Amino acid sequence: MITGIKGTRLRRAAAVAVTTGAMLATGALTVAPAQAASAPSIAAKGGYVMNNATGKSLYTKAADTRRSTGSTTKIMTALVVLKQSNLNMDSKVTIQKAYSDYIVDNNYASNAKLIVGDKVTVRQLLYGLMLPSGCDAAYALADKFGSGSTRSARVKSFIGKMNTTAKNLGLKNTHFDSFDGIGHGANYSTPRDLTKLASAAMKNSTFRTVVKTKKYTAKTTTKSGGTRTMAPWENTNPLLGSYSGAIGVKTGSGPEAKYCLVFAATRSGKTVIGTVLASTGLDARKADATKLLNYGFTQ
């Protein structure tokens, strides 16, 4: 009887030893939960990550500190356009000389190389806005969807719509004084606000389609009625194609803004969305976003 009990215990101990050995051999015990949960260090001055479905905060670093946003501003530009009632994505906008002059006057700001006199659809302008970060496309959209009898009045009206939308979304630390992020002293947001803005924009199917597109070729209508095939617009988002599950959203940079990125990715049905502001360089911006996405998926 005693021998039987001892034998059973020995067999159980041997089974546990075999199981443990197998788990160690497969690496099942090699990652400690505490290590997976440690928050990363990032080069950016500000960062924020949340679960897109629940809105739960997953990471914060100076998340409510106001900073210049660079071209991440264009997320709001796109959202204001997409929220227009009875929006016709195929309506055409004639490219004005003022749009190209604006690019030159702003030290050859990022642009979609739109050609004066060409007729470009609203859909094409959204791609030109979000992929190559075209300030000329932003100007065209602001001119098209603002109200007023003059171009300056229409632009002012459009920026007003941007700020009204920010207020309606509860973005208390956000203000725009430009349609493209080339600010005039009062164009700012925070990592938390920009993440919430991006989350709201990602509810729109057209926005989602545009920001996850790596390359887009527009065919515009020339002055004479012919067709012009534009050079392909390539997305400036470095995560697309390099980070598994990346679905957007928008880069930004500038002397004041430094290097910014609003990012999102989906894995196994979970979408993590976030922002880094004022990172130290292109590589650092990408590394920061990668770290925060990896961390977000462990939470």
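None of the values given here were measured: they were computed from a predicted structure.

## Examining the overall build of the chain
Okay, so step 1: Of regular secondary structure, the chain possesses 10 helices and 13 strands.
Okay, so step 2: Scored against the burial criterion, the 299 residues of the chain give a buried share of 47%.
Okay, so step 3: When the accessible area of the chain is evaluated, it comes to approximately 14,300 Å², of which 53% is carbon and sulfur surface.

## Details of the packing of helix α3 (residues 74-82) against helix α8 (residues 191-201)
Okay, so step 1: Relative to each other, α3 and α8 sit at 35°, their axes nearing to 10 Å. Handedness of the α3/α8 crossing: left-handed. Two secondary-structure elements touch here, α3 through Ile-75, Met-76 and Leu-79 and α8 through Leu-197, Ala-198 and Ala-201.
Okay, so step 2: Across the contact of α3 with α8, the residue classes tally to six nonpolar, no polar and no charged.

## What to know about unusual backbone geometry
Okay, so step 1: Following Gly-248, the chain continues into Val-249 via a peptide bond in cis, with omega recorded as 20°.
Okay, so step 2: Assignment of secondary structure puts Val-249 in strand β11 (residues 246-254).
Okay, so step 3: Notably, Ala-62 is not glycine yet its phi reads approximately 45°, a positive angle.
Okay, so step 4: Turning to its location among the elements, Ala-62 is positioned in the loop between β2 (57-61) and β3 (67-68).
Okay, so step 5: For Ala-62, a relative accessible area of 34% gives the class partly exposed.
Okay, so step 6: Look at Tyr-108: it is not a glycine, yet its phi comes out positive at around 55°.
Okay, so step 7: As for its position among the elements, Tyr-108 is in the loop between α4 (97-105) and β5 (119-121).
Okay, so step 8: Judged by its relative accessible area of 62%, Tyr-108 falls in the exposed class.

## Re helix α7 (residues 151-168)
Okay, so step 1: For α7, spanning 18 residues, the distance from its first C-alpha to its last is 26 Å, which sits close to the expected 26 Å at 1.5 Å a residue.
Okay, so step 2: Next to the buried residues of α7 lie α3 and α6 (135-145).

## Quick word on the side chain of Thr-72
Okay, so step 1: Mapped onto the elements of the fold, Thr-72 is located in the loop between β3 and α3.
Okay, so step 2: On the basis of relative accessibility, which here comes to 1%, the residue Thr-72 falls in the buried class.
Okay, so step 3: Within the structure, Thr-72 has its side chain in polar contact with the backbone oxygen of Thr-69 (distance 2.6 Å).

Rules behind the numbers
- Each chain has its residues counted from 1, running along the sequence as written.
- Where totals are concerned, whole chains, interfaces and linings use all residues; where local detail is concerned, this predicted model gives features only for residues with pLDDT of at least 70, and gives and counts side-chain atom pairs only at 80 or more.
- Where side-chain values are given, they derive from all heavy atoms of the structure, hydrogens and water being excluded.
- Elements are defined by DSSP. Helices are runs of H or I of four residues or more, strands are runs of E of two residues or more, and each kind is numbered from the N terminus.
- Here's how the labels work: a residue is buried when its accessible area is under 20% of the maximum for its type, exposed when over 50%, partly exposed in between, all with a 1.4 Å probe on protein chains only.
- For the area figures, the Shrake-Rupley method with a 1.4 Å probe applies, and any residue is considered shielded solely by the protein chains shown.
- Axes, fitted as lines to C-alpha atoms, cover a helix only where it is in contact. Angles between the N-to-C directions of the axes lie from 0 to 180 degrees.
- Handedness of a helix crossing follows the sense of rotation of the near helix relative to the far helix, less than a right angle counterclockwise being left-handed and clockwise being right-handed.
- Only heavy atoms matter for contacts: two residues are in contact if any of them lie within 4.5 Å across the pair.
- Polar here means any residue outside two lists: the nonpolar Ala, Val, Leu, Ile, Met, Phe, Trp, Tyr, Cys and Pro, and the charged Asp, Glu, Lys and Arg; Gly therefore counts as polar.
- The span one expects for a helix is its residue count, reduced by one, times 1.5 Å.
- Here a polar contact is recorded for every N or O atom pair within 3.5 Å, except that within protein the pair must consist of a potential hydrogen donor and a potential acceptor, and residues adjacent in sequence are included only if both atoms are side-chain atoms.

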